[in-house]
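Here is what each chain is made of, one letter per residue.
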Amino acid sequence: MTRHWADFQYEIYLNGMTGAVPRLPTDLTRLEEMAERRLGPGPVGYVAGSAGDGSTARANRAALERHRIVPRMLRDVHERDLSVEVLGRPLPAPLALAPVGVLSIMHPEAESAAARAATALGVPFTLSSASSTPLEEVAKASGEGERWFQLYWAKDREVTRSFLRRAKAAGFTALFVTLDTPLLAWRPRDLDQAYLPFLRGVGTANYFTDPAFAAGLAKPVHEDPDAAVLHFVNMFADPGKTWPDLAFLRENWDGPIVLKGVLHPDDARLAAEAGMDGVVVSNHGGRQVAGSLAAADALPAVAAAVGDRLTVLFDSGIRTGDDVVKALALGAEAVLLGRPYAYGLGLDGQAGVEHVLRCVLAELDLTLALSGHAGVGTLTREVLTQAPL
Ligand SMILES: Cc1cc2nc3c(=O)[nH]c(=O)nc-3n(C[C@H](O)[C@H](O)[C@H](O)COP(=O)(O)O)c2cc1C
Ligand SMILES: O=C(O)C(=O)c1ccccc1
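About the cut-offs
- Residues numbered from 1 in each chain as written.
- Chains lettered and ligands numbered in written order.
- Predicted model: local features only at pLDDT ≥ 70, side-chain atom pairs only at ≥ 80, totals over all residues.
- Heavy atoms only, no water.
- UniProt positions renumbered as here; feature names shortened; annotations may be inferred.
- Salt bridge = Lys/Arg side-chain N within 4 Å of Asp/Glu carboxyl O.
- Buried < 20%, exposed > 50% of the residue type's maximum accessible area, 1.4 Å probe, protein only.
- Helix = DSSP H or I, 4+ residues; strand = E, 2+ residues; numbered from the N terminus.
- Arc of directions from axis to C-beta.
- Contact = heavy atoms within 4.5 Å.
- Polar contact = N/O pair within 3.5 Å; in protein donor to acceptor, adjacent residues only side chain to side chain.
- Near = heavy atom within 4 Å.
- Areas by Shrake-Rupley, 256 points an atom, 1.4 Å probe, with all protein chains shown as cover.
- Nonpolar A, V, L, I, M, F, W, Y, C, P; charged D, E, K, R; others polar.
- Phe/Tyr/Trp six-rings, centres within 6.5 Å; stacked < 30°, edge-to-face > 60°.
- Lys NZ or Arg CZ within 6 Å of the ring centre and 35° of its normal.

In the annotation of an unreviewed UniProt entry, the entry for the protein reads Alpha-hydroxy-acid oxidizing protein, and the organism field reads Streptomyces griseoaurantiacus. The protein has a UniProt comment under Sequence similarities (unreviewed entry) that states "Belongs to the FMN-dependent alpha-hydroxy acid dehydrogenase family." According to the UniProt record, the Cofactor (unreviewed entry) comment for the protein is "FMN".

See below:
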């Protein structure tokens with residue numbers, strides 16, 4: 001009998017015969033509330049928080065909820081295959097972990113625990129430039145797993161060049177360049193607590209271990225850590241960059257490059273013209289532009305503009321398996337999962353991230369099957385309707 005992601009459901013019920021119930025909720029929208037109760041207000045506020053009054057983050061959820069799946073019957077969904085090819089690599093399902101920085105605020109094993117969970121499920125792990133653990137160490141934890149590297153495009157060319165060299169040497173196969181964070185947004189939840197992880201040195205591991213970064217310091221990091229943090233804050237992002245600058249990355253990275261944070265179809269076209277391989281339609285989980293359009297509302301136009309030329313990925317608001325179905329029907333080839341896995345990590349380490357992945361994948365498999373799809377190839381706009389307002 002073929003194994004399906006949906007089998008997790010019966011695994012849970014069978015374990016229940018001995019009295020066991022899942023350690024974390026299986027409705028992942030409940031994780032935030034649980035994290036609020038169990039983890040400190042600073043860290044949870046940082047993960048849960050967003051730009052301005054939170055309207056973009058709410059819009060992300062509202063847009064996904066507004067789209068409704070129209071199930072079809074009697075379509076032979078006995079054998080199902082959720083595999084896809086993304087950036088030339090076979091994936092077992094259209095899902096990867098999004099780059100989330102500073103994960104040691106959630107759990108001491110941080111990115112390494114998340115990477116091990118991703119590898120255990122065969123899901124790609126995207127490592128943030130601003131990780132709490134050096135990329136070489138996370139690469140070891142990720143083992144044979146597919147891993148992607150997210151770049152915060154620094155002011156210092158030599159640091160960027162060094163990061164690309166290190167990521168390549170450590171087996172990261174694709175480069176995700178985040179464009180939507182040239183400055184940190186106005187985030188009232190963090191401002192009100194005066195809480196910013198990297199001012200406490202969290203999220204600087206890749207920089208503090210980098211020779212090109214060290215070259216920009218008057219003293220070694222351990223002799224003047226405050227100056228090193230300040231240097232990091234001043235150089236890790238660059239609001240002066242423009243489209244022609246992408247040529248530098250194209251010259252220095254031999255592999256797929258994906259631009260993360262594209263919302264306008266013209267920007268997606270510019271990405272294609274710059275020789276990029278893909279885009280992530282994303283508003284950074286509502287953490288950057290307050291009052292921005294929902295990422296799901298940006299997706300169809302971007303997919304229509306470049307879907308035939310570029311890999312189109314999606315994040316911002318994915319919480320459940322049916323959200324994945326909707327994003328794929330709106331034109332994404334795969335989605336990135338963000339906050340839910342950060343909460344899973346905070347609540348139960350590697351096991352918590354595995355739980356989150358198993359829940360999304362099982363729910364995705366079941367939603368597809370129950371809607372009449374034996375794979376993701378039949379997901380088109382016609383699968384969705386808009387909820388009456
Ligand atoms: C705590 C936190 C840290 C993040 N750090 C990064 C990062 O370092 N690089 C990046 O490209 N995106 C980062 N993101 C954005 C995620 O990659 C992703 O776009 C976002 O979480 C999607 O929204 P969702 O989690 O609400 O679905 C971060 C998000 C959160 C919540
Ligand atoms: O918090 C974020 O959203 C983010 O992208 C980030 C930026 C710098 C360091 C760590 C995370």
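Undergrad: Just give me the short version of the pattern of salt bridges, but keep the residues and values in it.
TA: Counting across every chain of the model gives 18 salt bridges. Residue Glu-109 is joined to Arg-116 by a salt bridge in which the shortest nitrogen-to-oxygen separation is 2.6 Å. Exposure remark for Glu-109: the relative accessible area of 39% places this residue in the partly exposed category. Where Arg-166 meets Asp-210, a salt bridge forms, and the shortest distance between an N and an O atom there is 2.9 Å. Residue Arg-166 is located in helix α7 (residues 157-169), and its partner Asp-210 is located in the loop between α9 (205-208) and α10 (211-214); the two are separated by 44 residues in the primary sequence.

Undergrad: Hey, could you go over helix α13 (residues 265-273) for me, with residue numbers and the actual values?
TA: Counting along an α-helix, one turn takes 3.6 residues, and residues three or four places apart therefore face a common direction. Looking only at α13, the buried set comprises Pro-265, Ala-268, Ala-271 and Ala-272. The arc enclosing the buried residues of α13, seen along the axis, measures out at 110°, which places them on a common side. Packed against the buried residues of α13 are β8 (257-262), β9 (278-281) and α14 (295-306). Count one or two residues on from α13 and you reach Gly-275, which has phi positive near 80°.

Undergrad: How would you summarise the environment of Leu-39 if you had to cite specific residues and measurements?
TA: Along the chain, Leu-39 turns up in the loop between α2 (31-38) and α3 (41-48). The spatial distance from the C-alpha of Leu-39 to the C-alpha of Pro-99 is 21 Å, given a sequence separation of 60 residues. Leaving out residues up to four positions away in the same chain, Leu-39 has contacts with Val-44, Met-106 and Gly-346.

Undergrad: Which residues make up unusual backbone geometry, and what values do they have?
TA: The phi dihedral of Leu-87 is positive, around 50°, even though this residue is not glycine. The residue Leu-87 is located in the loop between β2 (84-86) and β3 (89-91) in this model. Unusually for a residue other than glycine, His-284 sits at a positive phi of about 65°. Among the structural elements, His-284 can be located in the loop between β9 and α14.

Undergrad: Could you give an account of the UniProt feature "active site" (unreviewed entry) in the protein, with specific residues and numbers?
TA: As annotated in UniProt, the feature "active site" (unreviewed entry) corresponds to His-284 in the numbering used here. In this structure His-284 comes out as buried when scored by relative accessible area, which is 13%. Setting aside chain neighbours within four positions, we find His-284 in contact with Tyr-152, Thr-178, Asp-180, Thr-181, Arg-187, Lys-260, Asp-315 and Ser-316. Polar side-chain contacts of His-284 include one of 2.8 Å to the side chain of Asp-180.

Undergrad: Give a description of the UniProt feature "binding site: glyoxylate" (unreviewed entry) in the protein that names residues and reports values.
TA: Within the UniProt annotation, "binding site: glyoxylate" (unreviewed entry) is assigned to Tyr-46, Tyr-152, Arg-187, Lys-260, His-284 and Arg-287. Looking at Tyr-152, the relative accessible area reads 12%, which means it is buried. In contact with Tyr-152, other than residues within four places in its own chain, are Ser-129, Ala-130, Thr-178, Thr-181, Tyr-207, Phe-236 and His-284. Residue classification places Lys-260 among the buried positions, given a relative accessible area of 4%. Not counting chain neighbours up to four residues away, the residues in contact with Lys-260 comprise Pro-99, Val-177, Thr-178, Leu-179, Asp-180, Val-280, Ser-282, His-284, Asp-315 and Leu-336.

Undergrad: Lay out the site of ligand 1 in plain terms, naming residues and giving numbers.
TA: Of all residues adjacent to ligand 1, which total 22 residues, the nearest are Pro-99, Ser-128, Thr-178, Arg-319 and Arg-339. Measuring from an oxygen atom of ligand 1, one finds a backbone N or O atom of Gly-285 at 3.5 Å. Residue Arg-339 places a side-chain N or O atom 2.6 Å away from an oxygen atom belonging to ligand 1. In isolation ligand 1 has 610 Å² of accessible area, and contact with the protein removes 98% of it. Broken down by class, the residue content of the shell around ligand 1 amounts to 7 nonpolar, 10 polar and 5 charged.

Undergrad: Got a sec to walk through the site of ligand 2? Specific residues and values, please.
TA: All residues adjacent to ligand 2 are Tyr-46, Val-102, Ala-130, Tyr-152, Arg-187, Phe-198, Phe-236, His-284 and Arg-287. At 2.5 Å, a side-chain N or O of Tyr-46 approaches an oxygen atom of ligand 2. Contact between ligand 2 and Arg-287: an oxygen atom at 2.8 Å from a side-chain N or O atom of the residue. Protein chains bury 94% of the 300 Å² of accessible surface belonging to ligand 2 in isolation. Classifying every residue of the shell around ligand 2 gives 6 nonpolar, 1 polar and 2 charged.

Undergrad: Report on the packing of aromatic side chains, specifying residues and quantitative values.
TA: Aromatic ring pairs: the centre-centre distance and the angle between the two ring planes describe each pair. Applying the stated criterion across every chain, the model contains 12 aromatic pairs. Between Tyr-152 and Phe-236, the aromatic rings sit 5.5 Å apart at their centres with planes inclined by 90°, giving edge-to-face as the arrangement. Highlighted residues: Tyr-152 in the loop between β6 (147-151) and α7 and Phe-236 in the loop between α11 (225-235) and α12 (246-252), separated in sequence by 84 residues. Its relative accessible area of 9% is what places Phe-236 among the buried residues. Ring plane angle 15° and centroid distance 5.0 Å describe the contact between Phe-232 and Phe-236, whose orientation is recorded as stacked. Here Phe-232 matches Phe-236 in class, with each residue buried. Among the aromatic side chains, those forming a connected cluster through ring pairs are Phe-149, Tyr-152, Phe-163, Phe-172, Phe-198, Tyr-207, Phe-208, Phe-213, Phe-232 and Phe-236. When the ring centre of Trp-253 is taken as origin, the NZ or CZ atom of Lys-168, which lies over that ring, is 4.6 Å away.

Undergrad: Run through the environment of Glu-32, naming residues and quoting values.
TA: When you line up the elements, Glu-32 lands in helix α2. Classification of Glu-32 by relative accessible area gives partly exposed; the value is 30%. Residues Glu-32 and Gly-349, 317 residues apart in the sequence, show an inter-C-alpha distance of 15 Å. Those residues within four positions of Glu-32 in sequence are excluded, and the remaining contacts are Ala-48, Arg-189 and Tyr-343. Side chain to side chain, Glu-32 and Tyr-343 meet in a polar contact 3.5 Å long.

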